[in-house]
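Overview (structure and organization)
Next come the chains, spelled out residue by residue.
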Amino acid sequence: IINWDVEAKTALSNIEIEHKEVEGNLYHYQYPVVGEDEALTVATTRPETMFADTALMVHPDDDRFKHIHGKKVIIPTTNREIPVITDDYVDKEFGTGIVKVTPAHDPNDFEVGKRHDLDMPLCMDEDGTMNDMAGKYNGMKRFECRKQLIKDLEKEGLLVDIEKHIHSVGHSERTGVIVEPRKSKQWFVRMDELAENALENSTVQFVPDRFEKIFNNWMNNIEDWCISRQLWWGHRIPVWYKEDEIYCGREAPKGEGWVQDTDVLDTWFSSALWPFSTLGWPEETDDYRRYYPNDVMVTGYDIIFFWVARMIFQGLEFTGKTPFSDCLIHGLIRDENGVKMSKSLGNGVDPIDVVDEFGADSLRYFISTNSAPGLDLRYEREKVEASWNFINKLWNISRYFLMNTTNVKAVDIQKEIEPASFANRWILNRLNETIVDVDRLMDAYEFGEAAKTLHQFAWNDFASWYLEMHKILPDAKENNITALKVLSAIVRMLHPYMPFVTEEIYQMLPHDEVSIMVASWPEPDDHVFQDAKGRDDFFELIRKVRALRNEYNVPYNQTVDLMIESDDNDLKAFLENNRSFIQSFLNPGQFVIESSIDQPGEVVSLVFSSMTCFVPLGDLVDIDAEIGRLEEELKSLKSELDRSEKMLNNENFLKKAPEAKVDEEKAKYETYKKKHAETQARLKALKD
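Report on the accompanying structure. What you are looking at is a predicted structure, and each value in this text was computed from that prediction instead of being measured.

In terms of helices and strands, the protein carries 22 helices and 26 strands. Scaling as 2.2 N^0.38, a compact globule of 688 residues should have a C-alpha radius of gyration of about 26 Å, whereas the protein reaches 38 Å, well beyond that. With the C-alpha coordinates of the protein rotated into their principal frame, the extents come out at 120 × 70 × 45 Å. Out of the 688 residues belonging to the protein, those deemed buried represent 47%.

Okay, here's the thing in structure tokens:
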């Protein structure tokens, strides 16, 4: 018994079947007992197959039916008689306790038929129409026959009941039609030895490793594989027939009269040969020796059984080696609500439309950076747009550095340099740290995390901090080499994520290679520059003073006094040496660095690891008015916090609201909570 697709008119393997819960009917109808004033009631979801029944069956120990053992019944609407047999397979508690046996149309009945040596006729043709065994229903489609048959059974008084019944029904993944179990002569691969070999000798490492358990469970419970298909394309079955002889081989047998089988191999049988057949196997070619086994196979979790498992056991069978070292499993792309995209739902997104609007690099960057191994990805237009913004940022900063650097050659970028400027030493150190982190994450197949590291470095460190520092640095070769050295490394590391824009930028950089695709991957520098003490406090000072300006709405063009108190001479020297950067970033009026500071009246204190910065605010803001404003803001935030907390404690909201809505409310709550704490801290600072 195989799975038969009545539309494609081909056999299917078990894993090509999608089982769906459908609401159908359980039909109760009677078979009259021959020579008796009695009828036996059976219950089935497929009454149209009764024309191929070869027995009714009861449990041998069921006292209700011992009196009918060995008797015969008549198949309704026909004059054919079939026996009543007994078998332990029958569940006495299910249905009526009487089971119809249709060996050619049911896998369980097929086994019963073999045990009891029953005939196995087919009452349905390959296209799902009833044949001459169905009598007056001959030529009807299977479900049309079902409807008419039930009407006729009711007229004859043989229909007992129709019961609503939810059950799992197999559908063809290829055409979507309900699959018909059918007796058919097909070619199979015996799986016991192949599965055992794969379980014992496979060295494939699954990423994430949880998928190895799925692979092992399936291989431990695998059935023989139906590999013949009645399709018009594919590898033709390598079998020839002549009268009663059968020959299987790579080439046609010698002699006249041999006819090759017209079936083709299952697509996945052919696909499983791919890792080695493409390299010249069975010959020991240079490509085969160089590239087999492969390093990594990247595929979705939905075809582990279809393809991955088959590549593994066929690779071991034909070559003695597993076809790849690692198998990286990714998820599916779903719509913004987490629903699988499909034509029937109309929730698919045409990638060409996305490329037309945002470019291929934006779509590629979004897909490759917004998912983790083995997990599904939600398509979100806003994130594609954010990807476009990042690419646009990269383009703009590249144009800036290329227009503002001179006299730099390819050899300058490739060699080590010993920069004197703190800004150059710092960005080269950060580049070194980034390369190490990206390499580690790439090796672990954490491409999304690697991209986050690159985004942080390119956007925050290079495009924000270093670009502003570079504007202050003189047009010296050290500064120009450093800028282009870092930019070159960034575009090479981002190339796998956004190949088009990085190639374009690379072609504008000093380089020797014909393309970025053959340029070397950046390598971490063994030499790490020892930054002067105070680097962390320097950046933290700029961040905190900028945040302070934002909090109190002090525009950049309005100067603020900064008074640094520290007894760390190295730190004070560092800040003095980089006074120009502080001046540019913060626009201070008075900038004082002393061991001890006499605090003026109204100040905000910013505390750091090795210093304290006092910022006088009396001349900049109305302290009393600011306190009043913050107190009102605190009340408003407290109200929003209470509202949000009440919603999140409401079981009805958590159960009935869409998941996206619940997540949105949780995010709001965390934002309100953070803002409330920050406002309280600002209020305390002003009052103190």
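Quick look at the packing of helix α10 (residues 360-369) against helix α14 (residues 447-472) now. Running from amino to carboxyl end, α10 crosses α14 at an angle of 120 degrees, the nearest separation of the two axes being 7 Å. By the angle between their directions, the pair α10 and α14 is classed as oblique. In this structure, α10 contributes Y365, S368 and T369 to the contact, and α14 contributes F447, G448, A451 and H455. Looking at the contact of α10 with α14 residue by residue, the class counts come to 3 nonpolar, 4 polar and no charged.

Below, the discussion takes up the pattern of salt bridges. Side chains that carry opposite charge are capable of pairing whenever their charged atoms lie near each other. Under the counting rule described, the total for this entry stands at 36 salt bridges. A salt bridge links R46 to E180, with the shortest nitrogen-to-oxygen separation between them at 2.5 Å. With R46 in the loop between β4 (39-44) and β5 (55-58) and E180 in strand β10 (residues 180-182), the pair connects residues that are 134 residues apart, well separated along the chain. The burial state of R46 is the same as that of E180; both residues are buried. The shortest N-O distance in the salt bridge between E664 and K668 comes to 3.9 Å. Residue E664 and its partner K668 are located together in helix α22 (residues 659-687), separated by 4 residues, close to a single helical turn. A residue is classified by how much of its surface remains accessible, and E664, at 41% relative accessible area, is partly exposed.

Going from V207 to P208, the amide bond is cis rather than trans, its omega being -5 degrees. With respect to the helices and strands, P208 occurs in the loop between β12 (205-207) and α4 (210-220). With an omega dihedral of 15 degrees, the bond running from W281 to P282 counts as a cis peptide bond. In this structure, T77 is a non-glycine residue whose phi angle is positive, near 70 degrees. Looking at the element boundaries, T77 is found in the loop between β6 (72-74) and β7 (81-86). Taking the relative accessible area as the measure of exposure, T77 reaches 30% and is therefore partly exposed. One non-glycine residue with positive phi stands out, namely D117, at about 55 degrees.

For the rest of this paragraph, the subject is a nonpolar patch on the surface. Taken together, the side chains of V514, M517 and V518 present a nonpolar region at the surface, about 370 Å² in accessible area. Turning to its location among the elements, M517 is positioned in the loop between α16 (499-508) and α17 (535-551). Of the residues examined, M517 reaches a relative accessible area of 65% and is grouped as exposed.

Let us look at the packing of aromatic side chains. In total, this model carries 32 aromatic pairs according to the counting rule given. A cation sits over an aromatic face here: R310 above W225, 3.8 Å from the ring centre. Cation over ring: R546 sits above W465, and NZ or CZ is 5.8 Å from the ring centre.

This part is about the packing of α14 against helix α15 (residues 477-494). For any two helices packed against each other, the geometry comes down to the angle between their axes and how far apart the axes lie. Running from N to C, α14 and α15 point in directions that differ by 165 degrees, and their axes come no closer than 11 Å. In terms of orientation, α14 and α15 fall into the roughly antiparallel class. As α14 packs across α15, the resulting crossing turns out to be left-handed. Here L454, F457, A458, F462, Y466 and H470 of α14 lie close against α15, whose contacting residues are N479, N480, T482, A483, V486, L487, I490, M493 and L494. Taken together, the residues that form the contact of α14 with α15 break down as 11 nonpolar, 4 polar and no charged.

The next subject is helix α19 (residues 579-586). Of all the positions in α19, only F581, I582, F585 and L586 are classed as buried. Down the axis, α19 shows its buried residues gathered within 100 degrees of arc, on one side only. Structurally, α19 contributes buried residues whose contacts are with α13 (422-443), α14, α17, β23 (560-565), α18 (569-577) and β24 (588-594). Of the residues trailing α19, N587 is marked for its positive phi of about 50 degrees.

Further remarks concern the environment of D132. Within the secondary structure, D132 is located in the loop between α1 (107-116) and α2 (142-155). Relative accessible area serves as the criterion here: at 61%, D132 is assigned to the exposed category. Expressed as a C-alpha distance, the spacing of D132 and L122, which sit 10 residues apart in the sequence, is 9.8 Å.

What counts, and where the lines are drawn
- Residues numbered from 1 in each chain as written.
- Predicted model: local features only at pLDDT ≥ 70, side-chain atom pairs only at ≥ 80, totals over all residues.
- Heavy atoms only, no water.
- Helix = DSSP H or I, 4+ residues; strand = E, 2+ residues; numbered from the N terminus.
- Rg over C-alpha atoms; globule rule 2.2 N^0.38 Å.
- Buried < 20%, exposed > 50% of the residue type's maximum accessible area, 1.4 Å probe, protein only.
- Axes fitted to C-alpha atoms, helices over the stretch in contact; angles between N-to-C directions.
- Parallel < 35°, antiparallel > 145°, perpendicular 65-115°, else oblique.
- Contact = heavy atoms within 4.5 Å.
- Nonpolar A, V, L, I, M, F, W, Y, C, P; charged D, E, K, R; others polar.
- Salt bridge = Lys/Arg side-chain N within 4 Å of Asp/Glu carboxyl O.
- Patch = residues over 30% accessible without salt bridge, like charges linked within 9 Å, V, L, I, M, F, W, Y side chains within 5 Å.
- Areas by Shrake-Rupley, 256 points an atom, 1.4 Å probe, with all protein chains shown as cover.
- Phe/Tyr/Trp six-rings, centres within 6.5 Å; stacked < 30°, edge-to-face > 60°.
- Lys NZ or Arg CZ within 6 Å of the ring centre and 35° of its normal.
- Left-handed = near helix turned anticlockwise from the far one by under 90°.
- Arc of directions from axis to C-beta.

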